[in-house]
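Structural overview
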Amino acid sequence: MDPAVSAEPEPPRHDFRMPALGASAWGAGVAAAGMGPSAVWLLVALALATVAAVVGGSRLVTAALLLAAAVVASTVLRHTSVSASPLHHWAADRATAELEATVVSDPRRVEGQWGDQVVVRLRVEGVTARGVRQRLGGTVVVLGDPAWSEVALGERVVARGRLAPSDRAEEAALLTGARPPVRIRGPDVWWRASGALRAAIREAVAHRPADQAGLVPALVDGDDAGLPAAIEEDFQVTGLTHLTAVSGTNLTLVVGALLLLARSVGVRRRWLVVVGLAGIVGFVLLARTEPSVLRAAAMGTVGLFAFGPDGRRRGLRALGVAVTTLVLVQPALAVSAGFALSVLATAGIVLLGPPLSEALARWLPHGLAEAIAVPTAAQLACTPVIAVLSGQVSLVAIAANLLAGPLVGPATVLGLLGGLVGLVVPGLGRVCGTGAGWCVGWIIAVARHGAGLPGATVGWGTSALAIACLVGVCVVIAVVLPRILRRRALGAALGVGLLLVVLGVPGRIWSGPGFGWPPDGWVLVACDVGQGDGLVLSVAPHTAIVIDAGPDPDAIDGCLDRLAIERIPLVVLTHFHADHVDGLEGVLRGRRVSAIETTPVLDPPEAVRQVQQIADAARIPVAPASYASARRYGAAVLQVLHPDIPVPVSGAGDGSSANDASVVLLVEVAGTRILLTGDVEPPGQAELARLVPGLDIDVLKVPHHGSAHQDFGWLASLDPEIALVSVGADNDYGHPSPRVVETLEQEDAEVLRTDTGGDLAIVVDSDGAVTTATRQ
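Read on for an overview of the structure. Please read all numbers here as calculations on a predicted model, not as lab measurements.

Focus: a nonpolar patch on the surface
Among the surface-exposed residues, Leu 420, Leu 423, Val 424, Val 425, Leu 428 and Val 431 lie close enough to one another that they form a single nonpolar patch of about 560 Å² accessible area. Residue position: Leu 420 is located in helix H15 (residues 397–422).

Here it is as structure tokens:
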């Protein structure tokens, strides 16, 4: 027999030409966005390079340069059209205007400094400003009152308000202080149908617990308006955030289920293509035609290619086409983190998904193998970019995706089916919704348990070397993993290893002597930072507000590490004495800090300058704490009780005015009232007694480390169950004063001290009972 005939055909090689063209277009978009108006010189350079490539006869290089030039030209034209628009100039002048426009996004309610506002995007068709009426286009973002929450996507409205500049290149202006909209015409029939289906999906799961009722619509069509903040935090820590927003995975699951249904009833060949295209269009209408949805639709379509015949080659080609088209149509996507994650996740599914699925299918059912392979491949491909964005790597992300992945498909399909059936038979729709709720219940449990583990994430540098090392690790895993998973024994061993990660064994080992810390249900920890204050208020998983930073950066950093704190929405520095602010750099190490608030008394001035320099270097805004303000951060509500000083003042200049100007906070969290007092002295305490008579609290942070300089009548009147004294061992000040401890104990308060107990935790159990725990 002829060997040439008997030999098995070689598998087709990968065709990287189209991905190379896509990379060229993407890179040009990034460069043009960074250069701004100067990108016109890049366009000239690309034109000259294209001429040279044509002369040289290289077709691929010529095509890459032409696409790059097209993207740069598109960016320059968009920038020019926006900057030349009368809307742009009127916004710079803060002119009042009346807009005729079409609503192009669903309204979203956000919390503002002066109350709730509604954010919605409009596509402008006509503008009247300063007595001039013009027909023109452009996108405007409305910041309006709650009446805007009633507008529907596709509706034509008249909007009135004050224009303001936008910091986003694709937006012509903002419309602030918008009055209630005047409706001109309702949405078209397809938008009404889409809205009805979204409402039916929400109704199908409305009877389920709040976390399930919020997650199912987010999973099906990206409707995350009802998703609890705590679930979002858990999903972020465990690498499951792609489930709570519209992504290519959503489209792949929905359209894939539709194609399977079509096959089961005998649809074949070109009619399957028609069904698939109809499914894609329907999904886009359901999830809304915003740039992120169109991006997800494109990437989801690529994902469908990946698991078809000759998936890798066709998927790579489709990925290149999708990237090129999206960047040409929407150049701003080139610098979008969501776009980068979407492209990399899709590339991971195309390149790594099929070999992983084939390896697992040797000893697992085919459907289960694909359900595990897709999220694993996507997560592995995205890990370096996630590290760049967050400065950390999740140790539980792959394991969480493996555990959650098999139920994502059933939850998505059942949720959509519940909406479709619910339009006709609401009761039957709720039955489907119940099934979807059961599925997402498991996903929520995985996220909640994984996020609560010590060591769920580790800090990772964002330098070029650190990211290059992480890329290398991911490439090695991508090459080795399919070989391991082909063998049942090795695959099972790997599964056990991942299970150990989910159970938190690495985190417990790395925690060393802190095993079992922090305790479940902790709401406040007084860190053992020596002679000073460093308090940590839990507001969400791995997220806390820090009140004072102590005298030593290493001490407060170590305490926050033991608590696995990664995000800090607010740091409050009660006053500028060294034992409260010198540890600030330790608070910032490897954590995302959003804002710093301080006392308005800027004394001593050298410490004020030090804090401002540290904040400026980290690009963190600093502002005085606003008297009488009350704000919610996750599970906690903070109210500033003291001092009542409307504008910053310099104080005595030698630090003597700092203590009594301490920011005093009343915190309510998990049904527990906590008073955090800084170093406030008797005059300030008497002012508090006058302004807030009969103050009733559960937990007191004793003022000024238990100094004898107290208003003892006020101290006793607080009647706390627990009193925390943050104090250094063998200090030279005699803190805490025996009289202070005696006064509190006479009021039946449990007095805990950091010099004898180490880190002190306030714990609230599921029944609301308040207890304490210590870590020495």
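Next comes the rest of the description.
Topic: the pairing of strand E21 (residues 664–669)
The buried count for E21 comes to five of six residues, which makes it a mostly enclosed element. The turn linking E21 back onto strand E22 (residues 672–676) is made up of two residues, and Ala 670 within it adopts a positive phi angle of 50°.

Notes on the nonpolar core
Val 571 and Leu 584 are the most contacted members of the largest nonpolar core, which totals 34 residues. Contributions of two or more residues to this core are made by strand E11 (522–526), strand E13 (543–547), helix H20 (553–562), strand E15 (571–573), helix H22 (584–588), helix H23 (605–618) and strand E26 (759–764). Per element, the largest residue contribution to this core is five residues, and it comes from H23. Discounting chain neighbours no more than four positions away, the residues touching Val 571 are Val 546, Leu 584, Val 587, Val 593, Ala 595, Ile 596 and Glu 597.

Comments concerning the side chain of Asp 603
In this fold, Asp 603 is placed in the loop between strand E17 (596–598) and H23. Within the structure, the side chain of Asp 603 is placed 3.1 Å from the backbone nitrogen of Gly 653, a separation counted as a polar contact. Of the polar contacts made by the side chain of Asp 603, one reaches the backbone nitrogen of Gly 655; its length is 2.8 Å. For Asp 603, the residues in contact, after removing those within four places along its chain, are Phe 576, Val 608, Ser 650, Gly 651, Ala 652, Gly 653, Asp 654, Gly 655, Ser 656, Ser 657 and Ala 658.

As for the environment of Pro 604
Tracing the sequence through the fold places Pro 604 in the loop between E17 and H23. Along the sequence, Pro 604 and Gly 651 sit 47 residues apart, while their C-alpha atoms lie 7.9 Å from each other. In this structure, Pro 604 is in contact with Phe 576, His 577 and Gly 655, ignoring residues within four places of it in sequence.

Notes on the packing of helix H3 (residues 39–56) against helix H4 (residues 59–84)
Relative to each other, H3 and H4 sit at 160°, their axes nearing to 9 Å. As the angle between them shows, H3 and H4 are arranged roughly antiparallel. Pair H3 / H4 crosses with left-handed handedness. Across the interface between the two elements, Ala 39, Val 40, Leu 42, Leu 43, Leu 46, Ala 49, Thr 50, Ala 53 and Val 54 from H3 touch Val 61, Thr 62, Leu 65, Leu 66, Ala 68, Ala 69, Val 72, Ala 73 and Val 76 from H4. Looking at the contact of H3 with H4 residue by residue, the class counts come to 16 nonpolar, two polar and no charged.

Examining helix H7 (residues 210–221)
Helix length check: H7 (twelve residues) gives 17 Å between terminal C-alpha atoms against 16 Å at 1.5 Å per residue, within 8%. Within H7, ten of the twelve residues are buried, leaving the element largely enclosed by the surrounding structure. All of the buried residues in H7 are Asp 211, Gln 212, Gly 214, Leu 215, Val 216, Pro 217, Ala 218, Leu 219, Val 220 and Asp 221. Of the residues trailing H7, Gly 222 is marked for its positive phi of about 80°.

Here's the deal with the packing of aromatic side chains
Inspection of every chain in the model, using the stated rule, returns one aromatic pair. Here the aromatic rings of Trp 26 and Phe 339 are separated by 5.1 Å at their centres, their planes lie at 80°, and the arrangement is edge-to-face. Of this pair, Trp 26 sits in helix H2 (residues 17–35) while Phe 339 sits in helix H13 (residues 337–360), placing them 313 residues apart in sequence. For the residue pair Trp 26 and Phe 339, the accessibility class agrees, reading buried in each case. Between Arg 739 and the ring centre of Phe 712, over which it is positioned, the NZ or CZ distance is 3.7 Å.

A closer look at the sheet that holds E22
With respect to topology, seven strands assemble into an open sheet ordered E19-E20-E21-E22-E23-E24-E25, the strand pairing being mixed. Edge positions in the sheet fall to strand E19 (630–633) and strand E25 (750–753), since each has one partner strand and no second. Taking the axes of each pair of neighbouring strands and ignoring which way they run, one obtains an average angle of 20° across the sheet. With three bridges connecting them, strand E23 (residues 699–701) and strand E24 (residues 722–725) associate as parallel partners. Residue pairing for E24: Lys 701 is matched across the bridge by Leu 724.

Things to note about the pairing of strand E12 (residues 535–540)
Burial analysis of E12 places six of its six residues in the buried class, the great majority of the element. Sheet topology note: the E11/E12 ladder contains three bridges and is antiparallel. Along E12, the bridge assignment pairs Val 525 with Val 536. As consecutive antiparallel partners, E12 and E13 are separated by two residues, and within that stretch His 542 has a phi angle of approximately 60°, a positive value.

Points about unusual backbone geometry
His 642 connects to Pro 643 through a cis peptide bond whose omega is 0°. Structurally, the position occupied by Pro 643 is in the loop between strand E20 (636–642) and E21. Between His 735 and the following residue, Pro 736, the backbone shows a cis peptide bond with an omega angle of -10°. With respect to the element layout, Pro 736 can be found in the loop between E24 and helix H26 (738–746). With phi around 55°, Arg 130 is a residue other than glycine that occupies positive phi space. Mapped onto the fold, Arg 130 is located in the loop between strand E3 (115–129) and strand E4 (132–135). Even without glycine at this site, Ala 628 takes up a positive phi of about 70°. Assignment of secondary structure puts Ala 628 in the loop between strand E18 (622–624) and E19.

Definitions and cut-offs
Residues numbered from 1 in each chain as written. Predicted model: local features only at pLDDT ≥ 70, side-chain atom pairs only at ≥ 80, totals over all residues. Heavy atoms only, no water. Patch = residues over 30% accessible without salt bridge, like charges linked within 9 Å, V, L, I, M, F, W, Y side chains within 5 Å. Areas by Shrake-Rupley, 256 points an atom, 1.4 Å probe, with all protein chains shown as cover. Salt bridge = Lys/Arg side-chain N within 4 Å of Asp/Glu carboxyl O. Helix = DSSP H or I, 4+ residues; strand = E, 2+ residues; numbered from the N terminus. Buried < 20%, exposed > 50% of the residue type's maximum accessible area, 1.4 Å probe, protein only. Pairing = 2+ DSSP bridges. Core = buried A, V, L, I, M, F, W, Y, C linked by side-chain atoms within 4.5 Å. Contact = heavy atoms within 4.5 Å. Polar contact = N/O pair within 3.5 Å; in protein donor to acceptor, adjacent residues only side chain to side chain. Axes fitted to C-alpha atoms, helices over the stretch in contact; angles between N-to-C directions. Parallel < 35°, antiparallel > 145°, perpendicular 65-115°, else oblique. Left-handed = near helix turned anticlockwise from the far one by under 90°. Nonpolar A, V, L, I, M, F, W, Y, C, P; charged D, E, K, R; others polar. Expected span 1.5 Å × (residues − 1). Phe/Tyr/Trp six-rings, centres within 6.5 Å; stacked < 30°, edge-to-face > 60°. Lys NZ or Arg CZ within 6 Å of the ring centre and 35° of its normal.

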